[in-house]
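The lines below spell out each chain.
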Amino acid sequence: MTGTDSHDLAALRPRLPSPLQEVADARFERRGVRLLLKRDDLIHPDLVGNKWRKLAPNLATAAGRTVVTFGGAYSNHLRATAAAGRLLGLSTVGVVRGEELAGRPLNPSLARCAADGMRLRFVDRATYRRKAEPDVLASLLRAADAEDAVVVPEGGSNPAAVRGCRALGEELGGHADVVALACGTGGTLAGLAAGLPEGRRALGIPVLKGGFLGDDIRRLQERAFGGPRGDWSLDDRFHCGGYARTTPGLESFADDFEHRHGLPVERVYVAKALHALVTLVQEGAFPRGTTVAAVVTGRPFPDRAAPDAPPGGPSDRSRRRPCGGRERPDRS
């Protein structure tokens, strides 16, 4: 396959709409709240989770040109772009934050990118921070011999991606009162909120600290739709110290959720969103009768299976405070 168009993308056979799974969890049931999981992790085996929704609109316009994008050493977005290149016959370049990584063995995430044919370009962190400036971007493209490339931003969040994520809200609008998901660059939330019908709301859980994401989401909606769309909010308490940061408590929480429900829980995004929902339901944030959907935006890398849920029902073993918020035993 050389180049790509919408027909090529359809040939990848994405599973859309993604499955919606109801789970029985005593922590929610005690509060009269129903929990659904939107299994975007099952859309495609290589373009996992929201990466399909964000990448597909950009790849559909590539028309055989090289795709250049950006990310850190463990970027899910870089892996998804590299996999898309392999599947669609597109040349891909990944600009990686951290010039010091160039002389080291590739970690498993970057090794997967390279195995899928992505050319990796390592740049110093100061240059990486300025990558959106026209002169810096032009220099990076020249260095990669990709001056005519399709450029996809870090995390894949641009107007095309935001419009692509609107379908997520449309798929969920008739099923959930609140839709929650973890956010990196904010593109998925910006589109999700736009697709939800009136009376439904989106809740974003930032995985980076800094409090800047709200402005980014507003800018993305302005560029994608010409102005604000939908009812959305952010809860900044659950980043555990920053991107890809975790704590022993969050690991314990994720292990517990896997044990309860037999679902492999990705730690960078999904674990933080699920922990936020458990904390919020214990705080009484959702009225009785509320249906909450958590978007499972990815799966662990490297892939691994979760332990089976115990036959006797959910575990009530004690948990350490994962991060942020105020988790306490639910005695109701």
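In this text, all values refer to a predicted model and were calculated from it rather than measured experimentally.

Undergrad: Before we go on, may I ask you to explain helix α4 (residues 76-88) in this structure?
TA: Since the α-helix turns once every 3.6 residues, residues separated by three or four places project in the same direction. In this model α4 runs 18 Å from its N-terminal to its C-terminal C-alpha over 13 residues, within 8% of the 18 Å that 1.5 Å per residue would give. Of all the residues in α4, the buried ones are His 77, Leu 78, Arg 79, Ala 80, Thr 81, Ala 82, Ala 83, Ala 84, Gly 85 and Leu 88. Its side-chain oxygen at 3.1 Å from the backbone nitrogen of His 77, Ser 75 defines the N-terminal cap of α4. Positioned one or two residues after α4, Gly 89 has a phi angle of 70 degrees, which is positive.

Undergrad: It is not clear to me how the environment of Pro 287 should be interpreted in this structure. Could you clarify?
TA: Here Pro 287 shows up in the loop between α12 (270-282) and β10 (291-295). Of the residues examined, Pro 287 reaches a relative accessible area of 57% and is grouped as exposed. The spacing of Pro 287 and Arg 31 is 256 residues in sequence and 8.0 Å in space, taken between C-alpha atoms.

Undergrad: Where do I start with the pattern of salt bridges in this structure?
TA: Here the idea is simple: oppositely charged side chains can pair when their charged atoms come close. All told, the structure shown has 22 salt bridges when counted by the stated rule. Where Arg 267 meets Glu 251, a salt bridge forms, and the shortest distance between an N and an O atom there is 3.0 Å. Linking Arg 267 in the loop between α11 (248-261) and α12 with Glu 251 in helix α11, this pair joins segments that are 16 residues apart in sequence. By relative accessible area, Arg 267 is classed as buried at 16%. A salt bridge links Arg 267 to Glu 258; the shortest N-O distance between them is 3.1 Å. Both residues of the pair, Arg 267 and Glu 258, count as buried. Through salt bridges with shared partners, one network takes in Asp 25, Arg 27, Asp 256 and Arg 260.

Undergrad: How do you make sense of α11 when you look at a structure like this?
TA: In a regular helix each residue adds 1.5 Å, so 14 residues correspond to 20 Å; α11 covers 20 Å between its end C-alpha atoms and thus fits that length. For α11, a buried count of 10 out of 14 residues is recorded, marking the element as mostly surrounded by other parts of the structure. Buried residues of α11: Gly 249, Leu 250, Ser 252, Phe 253, Ala 254, Asp 256, Phe 257, Glu 258, Arg 260 and His 261, and no others. Those residues of α11 hidden inside the fold are in contact with β1 (20-23), α2 (26-29) and α12. Looking one or two places after α11, you find Gly 262, whose phi comes out positive at around 65 degrees.

Undergrad: How should the sheet that holds strand β9 (residues 232-234) be read in this particular structure?
TA: Hydrogen bonds along the backbone pair up the strands of a sheet, which may run parallel or antiparallel. Reading across from one edge, β1-β2-β10-β7-β8-β9 is the order of the six strands in this open sheet, with mixed pairing throughout. Pairing within the sheet leaves two strands with one partner each, and these edge strands are β1 and β9. Taken over all neighbouring pairs, the strand axes of this sheet differ in orientation by 25 degrees on average, direction set aside. The sheet contact formed by strand β7 (residues 178-183) and β10 spans three bridges and is parallel. Counted as the bridge partner of Val 179 is Ala 293 from β10. Across the sheet, helix α10 (residues 213-225) is in contact with β7, β8 (201-206) and β9; its angle to β9 comes to roughly 155 degrees.

Undergrad: Help me understand the packing of aromatic side chains, please; the structure alone is not making it clear to me.
TA: The geometry of two aromatic rings is summed up by the distance between their centres and the angle between their planes. Evaluation of the coordinates by the stated rule reveals three aromatic pairs. Residues Phe 70 and Tyr 128 carry aromatic rings whose centres are separated by 6.5 Å and whose planes lie at 75 degrees to one another, so their mutual orientation is edge-to-face. With Phe 70 in strand β3 (residues 67-71) and Tyr 128 in helix α6 (residues 125-129), this pair connects stretches of sequence that are 58 residues apart. When its relative accessible area of 3% is taken as the criterion, Tyr 128 is described as buried. Geometrically, the ring pair formed by Phe 253 and Phe 257 is tilted, given 6.3 Å between the ring centres and 35 degrees between the ring planes. Of this pair, Phe 253 and Phe 257 both sit in helix α11, separated by four residues, roughly a single helical turn. For the pair Phe 253 and Phe 257, one class covers both residues: buried.

Cut-offs and rules
- Residues numbered from 1 in each chain as written.
- Predicted model: local features only at pLDDT ≥ 70, side-chain atom pairs only at ≥ 80, totals over all residues.
- Heavy atoms only, no water.
- Helix = DSSP H or I, 4+ residues; strand = E, 2+ residues; numbered from the N terminus.
- Expected span 1.5 Å × (residues − 1).
- Buried < 20%, exposed > 50% of the residue type's maximum accessible area, 1.4 Å probe, protein only.
- Polar contact = N/O pair within 3.5 Å; in protein donor to acceptor, adjacent residues only side chain to side chain.
- Salt bridge = Lys/Arg side-chain N within 4 Å of Asp/Glu carboxyl O.
- Contact = heavy atoms within 4.5 Å.
- Pairing = 2+ DSSP bridges.
- Axes fitted to C-alpha atoms, helices over the stretch in contact; angles between N-to-C directions.
- Phe/Tyr/Trp six-rings, centres within 6.5 Å; stacked < 30°, edge-to-face > 60°.

Keep in mind these values describe shape, not function.
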